[in-house]
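Tertiary structure, described
Residues per chain, in single letters:
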Amino acid sequence: MPGQGDVVSQPATSPGALGEARPLRRNRDFRLLWTGQALSSLGSSMTTVVYPLLALGATHSATMAGVVGFAGMAAAALMRLPAGVLADRYPLKPLMVVPDLARAATTLSIVVVILTGHVTLAHLLVAAVLGSVCGALFDSAQAVAVRHVVPAEQLPNALAYNEARGHLAGLAGQPSGGYLYGVGAAVPVLADAVSYLACAGLTSLVRSPMRSSQAPERLRTLWRDIPVGLRYVASSPFLRVTLACAVGFSVVFAGLTIAVIALQGTGGDAAFHVGAALSMGALGGILGAWASPQLTKRLTPAVLVYVFGWTCCVALVLLGQVQDTYVIGALLALMFFVATPANATLFAAQIDITPPELQGRVVSAAMLAAGVAGPAGPPLAGLLLDNAGQAPTFLLFAALAAALTIVMHLSTPVRTMHRPGTAPKAG
């Protein structure tokens, strides 16, 4: 993934640490991490439809409900870089287990106030901030943890399976959350709390110590390390190009949901059509993860990235011309099918070139970049749809995707990137 002048990578996992490379399905630690995080993601997906309803019920104001969502997003963004520093300095297991226990306690407090009929805006704001801070800590640690339990050459496949985990959670979580909310508002929230406890329990069973490469320092000295990840990203041609392109694509993909909703209108069957289209997209991502091992064997990393970019361009142009739910769903499925192995390949390459002591900070810098840009997608899509219409909106998104893909074609570090674990070492 880097150019010839970049830092030479260290193996993500030494052979001695894991012994002979074995299939991921037989890698106990990877299975524990994947299963725990899948349960946690499922629980979180279930409550994505519940918390806005609770906020609306408590405040009777869409604006105040939006403030709760903003507070959570702002807290997560502010915590990204400090969380990366902690992931580089401290053992990763406690950084995943303790935040999950804290999120479970916070979520259980929401269950209590629902059952007692005392849901308040203040409580929801505090819960949103605490949950997002803990989530940022967990996300940074779990993103680095995979390199401790999976050999370097298996990183793209492992990360593709992690992408599939998110698609599976979205596919099953939101319908389940809506159904359980109909049973009782506290039920999906309780399920979310249980999912955090399950994730913490499974993570605690991981045998790998998942320790950082540096000894912990005093907390006040850790704050000096916050800009280090940003400086490393700025110094790496590969990371500069790929993260800049990732920011652009995150805007496009974040705007797809509101665009699909707008395409389906507000009729009585709109929710069904939107759900069907988005479910097809999630299935495409799952199939992309399933096909990722074969695709990464047959195609070079650069070709995978180029196929993703140009496929998105074509799909976006076609989305500007169609109304049928299943055609829209098929195009979304195609986009997520190629996105999953491409994202996994790029993330694995980033892990492979980043020195172990900087993994957390670089991952957090990447998450911060995507997190800052992604929220611009929905309002941008809505503004374009309202003022320009369907075809121009998707044509502009396609033009953005084409420009980003051309940038990757012109980037020497992207053209010459190696599969993780195969980059030549400095003599």
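Below is a summary of the structure that appears in this document. Because the structure is a prediction, the values reported are computed rather than measured. All residue numbers here refer to positions counted from 1 along the written sequence of the relevant chain. The predicted nature of this model means local features are confined to residues of pLDDT at least 70 and side-chain atom pairs, given and counted, to a pLDDT of 80 or more, with totals for whole chains, interfaces and linings taken over all residues. Think of the side-chain values as coming from all heavy atoms in the structure, minus any hydrogens and water.

**Some words on the overall build of the protein chain**
By definition, any uninterrupted DSSP run of H or I lasting at least four residues is a helix, any uninterrupted run of E lasting at least two residues is a strand, and each is numbered from the N terminus. Within the protein chain one finds 18 helices and zero strands. For every residue, the accessible area (1.4 Å probe, protein chains only) is compared with the maximum for its type, and the residue is labelled buried under 20%, exposed over 50%, or partly exposed between those bounds. Per-residue burial for the protein chain yields a buried fraction of 52% across its 427 residues. Contacts are residue-level and defined by heavy atoms, with any inter-residue pair within 4.5 Å sufficient. Taking contacts inside the protein chain between residues at least 6 apart in sequence as the whole, the part at least 24 apart equals 88%. In the form shown here, the protein chain has an accessible surface area of approximately 18,400 Å², with 69% of it arising from carbon and sulfur atoms. Surface accessibility in these figures is a Shrake-Rupley result with a 1.4 Å probe; residues are shielded only by whichever protein chains are displayed.

**Things to note about the packing of aromatic side chains**
Stacked, tilted and edge-to-face are the three classes applied to pairs of Phe, Tyr and Trp rings, where Trp contributes its six-membered ring and a pair requires centres within 6.5 Å; stacked means planes under 30 degrees apart, edge-to-face means over 60, and tilted covers the rest. Applying the stated criterion across every chain yields a total of three aromatic pairs. Summarising the aromatic geometry, the rings of phenylalanine 249 and phenylalanine 308 are spaced 4.8 Å apart at their centres and angled 50° between planes, so their arrangement reads as tilted. Here the residue phenylalanine 249 occupies a position in helix H11 (residues 237–264), and phenylalanine 308 occupies one in helix H13 (residues 301–319), the gap between them amounting to 59 residues. Here phenylalanine 249 matches phenylalanine 308 in class, with each residue buried. When the centroid spacing of 6.2 Å and the interplanar angle of 25° are considered together, the rings of phenylalanine 253 and phenylalanine 308 count as stacked. Placement of phenylalanine 253 in helix H11 and of phenylalanine 308 in helix H13 is noted, with a sequence separation of 55 residues between them.

**Brief notes about the environment of leucine 334**
Of note, leucine 334 is situated in helix H14 (residues 325–353). Along the backbone, leucine 334 and glycine 288 are 46 residues apart, and their C-alpha atoms lie at a distance of 8.8 Å.

**A word on the pattern of salt bridges**
The rule for a salt bridge is simple: a side-chain nitrogen of Lys or Arg has to be within 4 Å of a carboxyl oxygen of Asp or Glu. Scanning all chains against the criterion turns up four salt bridges. Put simply, arginine 80 and aspartate 139 hold a salt bridge, and the shortest N to O gap is 3.4 Å. Of this pair, arginine 80 sits in helix H4 (residues 62–89) while aspartate 139 sits in helix H6 (residues 121–149), placing them 59 residues apart in sequence. Here arginine 80 falls in the buried class, since its relative accessible area comes to 15%. We classify aspartate 139 as partly exposed; its relative accessible area is 24%. Of the charged contacts, one joins arginine 361 and aspartate 88 as a salt bridge, the two residues approaching to 2.7 Å between their closest N and O atoms. In this pair, arginine 361 sits in helix H15 (residues 359–373) while aspartate 88 sits in helix H4, placing the two residues 273 residues apart along the sequence.

**Overview of the packing of helix H5 (residues 92–116) against H6**
Between two packed helices, what matters for the description is the angle formed by their axes and the separation of those axes. Fitted lines through C-alpha atoms give the axes, limited to the stretch in contact for helices. The angle between two N-to-C directions lies from 0 to 180 degrees. The N-to-C vectors of H5 and H6 enclose an angle of 155°; their axes lie 8 Å apart at closest approach. As summarised for this structure, H5 and H6 are arranged roughly antiparallel, according to the angle between their axes. In this structure, the crossing between H5 and H6 has a hand that is left-handed. In this classification, Asp, Glu, Lys and Arg are treated as charged, Ala, Val, Leu, Ile, Met, Phe, Trp, Tyr, Cys and Pro as nonpolar, and every other residue, Gly included, as polar. For the contact of H5 with H6, a count of residues per class yields 16 nonpolar, seven polar and two charged. Orientation labels follow simple angle bins: below 35 degrees gives roughly parallel, above 145 gives roughly antiparallel, 65 to 115 gives roughly perpendicular, and whatever is left gives oblique. Left-handed describes a crossing in which the near helix is turned anticlockwise from the far one by less than a right angle; the clockwise case is right-handed.

**Side note on the nonpolar core**
By nonpolar core we mean a set of buried residues, namely Ala, Val, Leu, Ile, Met, Phe, Trp, Tyr and Cys, connected to one another through side-chain atoms within 4.5 Å. Judged by nonpolar contacts, the single largest core of 55 residues is most densely connected at Leu316 and Leu319. Elements that contribute at least two residues to this core include exactly H4, helix H10 (226–235), H11, H13, H14, H15, helix H16 (377–387) and helix H17 (390–410). The residues touching leucine 319, leaving out its near neighbours within four places in the chain, are Leu256, Leu263, Ile328, Leu331, Leu332, Met335, Gln390 and Phe394. Ala136, Val150, Ala344 and Ile351 belong to the second largest nonpolar core, which has 34 residues in total.

**Looking at H14**
The span expected for a helix works out to 1.5 Å for each residue beyond the first. Look at H14: 42 Å from first C-alpha to last across 29 residues, which is about the 42 Å you get at 1.5 Å a residue. Bend is the name given here to the angle between axes fitted to two runs of seven residues, the run ending at a residue and the run starting at it. Approximately 25° is the largest bend angle found in H14, and it occurs at alanine 339, with the proline proline 341 only one to four residues beyond. When you tally the buried positions in H14, you get 21 out of 29 residues, the bulk of the element. Any pair of N or O atoms that falls within 3.5 Å is considered a polar contact. Within protein, one atom must be able to donate a hydrogen and the other to accept it, and sequence-neighbouring residues count only if both atoms are side-chain atoms. Among the residues of H14, the N-terminal cap falls to aspartate 324, whose side-chain oxygen and the backbone nitrogen of tyrosine 326 are separated by 3.0 Å.

**Comments concerning the side chain of arginine 80**
Polar contacts involving the side chain of arginine 80 include one to the side chain of aspartate 139, which spans 3.4 Å. With near-sequence residues (within four places) excluded, arginine 80 lies in contact with Ala136, Asp139, Ser140, Ser364, Met367 and Leu368.

**Considering a nonpolar patch on the surface**
On the surface, a cluster of nonpolar side chains totalling about 230 Å² of accessible area is made up of Leu108, Leu190 and Val194. Tracing the sequence through the fold places leucine 190 in helix H8 (residues 186–204). Patch criteria: residues need more than 30% relative accessible area and no salt bridge. Like-charged residues are merged within 9 Å; nonpolar side chains of Val, Leu, Ile, Met, Phe, Trp and Tyr are merged within 5 Å.

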